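# A closer look at the structure
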Amino acid sequence: MLKLFTNNPINRHKKTLISINKEYENLKKYSNTQLEKQTEVLRLKLLNNNLDTNTILIEAFATIKEAIFRALHLTLFDVQILGGIILNQNNIAEMKTGEGKTLVALLPAYLNCLTGEGVHIITVNDYLAERDSSLAKKVFSYVNIKVGLVTQKTNPNQKKNEYNSNITYITNSELGFDYLKDNMTIHKNNIVQRNFYYAIIDEVDSILIDEARTPLIISGITEIKNQPYLEANKISNLLSNKIHYKIDEKSKSIILTDQGISQCEEILKIKNLYDTQNHWIKYILNALKAKELFLKNKDYITKNNQVIIVDEFTGRIMDGRRWSDGLHQSIEAKENIKIEAENKTLASITYQNLFLLYNKLAGMTGTAKTEENEFLNIYKMNVVNIPTNKKCIRKDLSDLVYKDEYNKWQSIANECLDMYNMKRPTLIGTTSIQKSELLSDMLKEMKVPHSLLNAKPENVSKEAEIILQAGQKGSITISTNMAGRGTDIILGGNPEKTTELTIEKLGSESKNKYVNNNNIKDILSEDEIKYLQNKNKLQNNIKTSLRYISKIKNIEAKLRTKYTNLFKKEKEEILKLGGLYVIGTERHESRRIDNQLRGRAGRQGDQGTSRFFLSLQDNLFRIFGGNNIEKLVTKLNIDDAIPIESILLTKSLNSAQKKVEAYFYDIRKQLYEYDDVIHNQRKAIYNERKKILNATFTRDCILEYAEYTIEEMLTIYIKTNKENNTLKQIIKLLNIKNNTQNLSTMNFNEIKYYLNEQLRISYDLKEIYLEQLRPGLIRQLEKYYLLQQIDQAWQEHIEKMNLLKEYIGWRSYGQQDPLIEYKNEAFHLFINMIIYIRQTVVYLIMRSRLIVDV
Ligand code: ADP
Ligand code: MG
């Protein structure tokens with residue numbers, strides 16, 4: 001009991017909370033102008049305190065609490081302030097849906113932007129970035145803080161400006177792509193981001209866990225290489241299973257035996273199949289996979305001369321999707337149909353490493369505690385559970401397990417019908433679009449009106465609208481699980497948003513339908529409806545526009561009052577029915593996602609219920625359940641239509657789910673560990689690039705590259721007992737003409753000194769020559785060659801690293817950890833790339849000439 005007491009973060013920060021609220025009372029007396037001046041006052045104070053944000057935390061938080069009150073007429077709860085404190089400490093604040101996290105983020109965002117650095121608030125989609133930034137703009141207009149917004153729609157010319165704001169709202173993917181693009185540009189004016197100082201990630205589990213399994217990739221199409229695929233296909237037919245290779249069905253992989261390796265090397269007439277310079281191993285293994293593991297009409301079909309993937313679990317045809325890393329091409333070769341071009345990775349980064357670029361990182365979500373270890377291990381963030389403002393009284397009922405899927409869906413549909421008849425709002429979460437459509441069809445047959453939501457990006461703003469209505473009397477809403485993140489379901493309805501929507505809809509094309517469907521005539525007079533319907537015309541007429549604005553404001557207020565009263569009454573009725581009812585139709589790959597679905601009900605102390613309907617044919621049971629469960633059920637021997645409620649069953653279910661969680665965590669961890677190797681290289685290359693982009697005098701860089709090259713090649717020269725060829729090569733590479741000295745009698749330092757001197761003389765001459773022809777040209781040439789060679793070499797390096805990662809898994813290393821082997825080889829590849837970049841840059845610049853058209 002005592003432990004519980006001291007662990008409560010409310011108690012730990014009680015003093016700070018009291019001080020903030022005291023200061024807040026004090027600020028209430030301030031005029032708007034005085035409040036606005038707070039920003040300057042606090043900035044100065046921060047400067048005098050070595051930019052230690054803790055010294056002004058109390059005043060800054062109080063200032064925003066007051067700004068929120070003035071802008072939105074809402075008073076922040078203590079738990080919200082507490083959430084802000086946690087976010088400022090680089091941790092994750094776990095706060096349930098509907099607790100008001102959007103406003104929580106404003107507190108630490110304000111505090112940290114006072115340092116002069118930019119603060120980023122990251123959302124999962126453009127809709128939320130827009131919605132939250134416009135709310136933030138209202139609040140921050142009281143304290144003279146500029147709020148920026150970057151979405152897919154943002155004009156590239158405008159982006160820099162948005163990033164330069166004090167606080168910028170942006171989605172995770174836009175942030176990542178801008179980062180990669182900034183590091184690919186050849187003009188420094190095109191760089192849009194400034195540094196990575198402090199990020200607050202909303203729905204942090206969705207971004208750092210769910211999306212962390214696949215990296216962000218910018219890719220380009222390469223030329224089509226038919227030959228190796230066709231050749232490898234032929235070879236694969238000459239090799240036999242168990243003699244030349246072994247098949248591992250579980251992990252869908254193939255390993256060549258020693259005999260297989262030498263057979264391939266013989267046929268191809270090459271020395272080493274695993275040489276990273278030639279890519280044969282990749283083609284051969286893909287061809288073998290195509291031969292043995294990917295079967296026509298099971299894993300894919302061929303239609304109109306195309307190979308089309310069939311989804312493993314659902315059997316659905318996945319038009320337009322392609323297997324990566326050349327596998328799709330290998331199957332095309334096997335089927336003897338046209339081989340499509342490969343995609344080439346130009347740049348890529350994982351979310352893990354992207355967000356680790358920040359000095360300070362914080363996150364908020366309703367569900368993080370179950371993944372606490374991962375957040376700590378990878379991101380060094382603690383998950384702190386913030387108590388809800390009002391006690392949560394939601395009832396989580398125990399699972400109902402049916403023998404088969406048919407009976408499960410049947411009883412879910414019946415449950416929906418019952419709820420519809422009693423007018424209790426119900427939300428049904430499904431795991432795929434296909435299943436949501438199945439239920440929708442069943443409900444249509446039963447004549448149960450409902451809304452259907454799925455996670456397609458183009459539906460996101462419509463999603464918000466459907467979620468808005470999901471808490472109204474009699475609403476039945478089917479939603480795939482990731483849909484509607486960030487919008488909460490309010491019982492009865494949201495008067496503010498419904499008012500906005502009504503005004504918008506009445507000005508749109510289908511306005512008459514909207515009036516009839518939504519009982520608008522009971523709320524507004526005929527005259528008022530007409531007014532709203534013509535608002536676009538009226539708005540454009542300058543003479544009437546002033547009068548128009550005040551009239552619209554009146555109608556708005558009227559609507560808001562009406563809706564507020566209406567929804568309040570409705571909410572009371574719904575609470576009597578038990579509040580929102582959430583139905584889960586399958587356990588997910590982690591408890592976290594189950595919790596998220598349940599958390600839709602019972603917000604802000606409301607009544608609510610959740611229940612999962614499961615079947616023994618669900619993926620989780622089938623794949624990870626083992627046969628204990630089957631046995632158990634056969635033993636129980638009960639009617640198919642009657643669900644089983646058994647503690648034993650729930651236990652094995654939970655352990656199956658934990659197995660899945662661990663499985664996916666391993667995948668993410670592995671991706672992270674491997675990407676971490678390339679991440680350090682990426683940082684080095686991007687830094688070098690940035691240095692060159694920002695330099696005005698690149699001559700030093702060229703000379704430095706040349707001197708390194710001289711040193712490296714001389715080392716080889718000495719090592720190989722002064723083999724003369726190397727010296728010739730150096731002289732040729734540097735394009736130094738006179739060679740009167742007898743270098744072979746000199747020692748290492750003497751030659752080095754001589755060559756460095758010759759290099760400078762030669763470069764000075766070149767510079768004078770070019771400068772005469774066109775002033776400034778040499779600097780442009782230098783920059784061009786440097787960037788071009790770095791980019792080209794880096795892209796080739798990425799490809800080699802991809803390949804390396806693949807075949808590290810193919811080769812067996814006895815006792816050795818493949819990750820260590822990967823690190824070693826990656827290091828060698830990187831060093832070679834750097835040497836190569838220096839040499840080619842020097843070679844090219846030493847040979848540059850100007851051909852002048854006359
Ligand atoms: P979350 O992101 O935690 O799910 P939101 O930020 O979307 O929650 O807020 C949910 C609702 O709660 C919004 O309608 C918001 O206006 C309201 N809200 C937030 N803070 C307060 C507050 N202090 N008092 C009253 N309502 C609030
Ligand atoms: Mg939110």
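Residues numbered from 1 in each chain as written. Chains lettered and ligands numbered in written order. Predicted model: local features only at pLDDT ≥ 70, side-chain atom pairs only at ≥ 80, totals over all residues. Heavy atoms only, no water.

Per an unreviewed UniProt entry, the recorded name for the chain is Protein translocase subunit SecA, and the organism is Dictyomenia sonderi. Under the UniProt heading Sequence similarities (unreviewed entry), the entry covering the chain gives this text: "Belongs to the SecA family." Recorded in UniProt under Function (unreviewed entry), the annotation for the chain is "Has a central role in coupling the hydrolysis of ATP to the transfer of proteins across the thylakoid membrane." (UniProt positions renumbered as here; feature names shortened; annotations may be inferred.)

## So, the UniProt feature "binding site: ATP" (unreviewed entry) in the chain
The positions that UniProt labels "binding site: ATP" (unreviewed entry) are, in the present scheme, Gln80, Gly98, Glu99, Gly100, Lys101, Thr102 and Asp488. With a relative accessible area of 24%, Gly100 lands in the partly exposed category. Structurally, Lys101 is set in helix α7 (residues 101-104). Those residues in contact with Lys101 that lie beyond four places of it in its chain are Met95, Lys96, Asp202, Met364, Thr365 and Gly366. (Buried < 20%, exposed > 50% of the residue type's maximum accessible area, 1.4 Å probe, protein only. Helix = DSSP H or I, 4+ residues; strand = E, 2+ residues; numbered from the N terminus. Contact = heavy atoms within 4.5 Å.)

## Here's the deal with the pattern of salt bridges
Under the criterion given, the structure shown has 40 salt bridges. Put simply, Glu174 and Lys159 hold a salt bridge, and the shortest N to O gap is 3.1 Å. Taken together, the positions of Glu174 in helix α11 (residues 172-182) and Lys159 in helix α10 (residues 156-163) put the pair 15 residues apart, joining distant regions of the chain. Since its relative accessible area comes to 9%, Glu174 is described here as buried. According to the relative accessible area criterion, Lys159 is buried, its value standing at 7%. For Arg760, the salt bridge goes to Glu707, with nearest N and O atoms at 2.6 Å. Taken together, the positions of Arg760 in helix α33 (residues 748-773) and Glu707 in helix α31 (residues 699-719) put the pair 53 residues apart, joining distant regions of the chain. What makes Arg760 partly exposed here is its relative accessible area of 38%. Connected through salt bridges with shared partners, the residues Arg699, Asp764, Glu767, Arg779 and Glu782 form a single ionic network. (Salt bridge = Lys/Arg side-chain N within 4 Å of Asp/Glu carboxyl O.)

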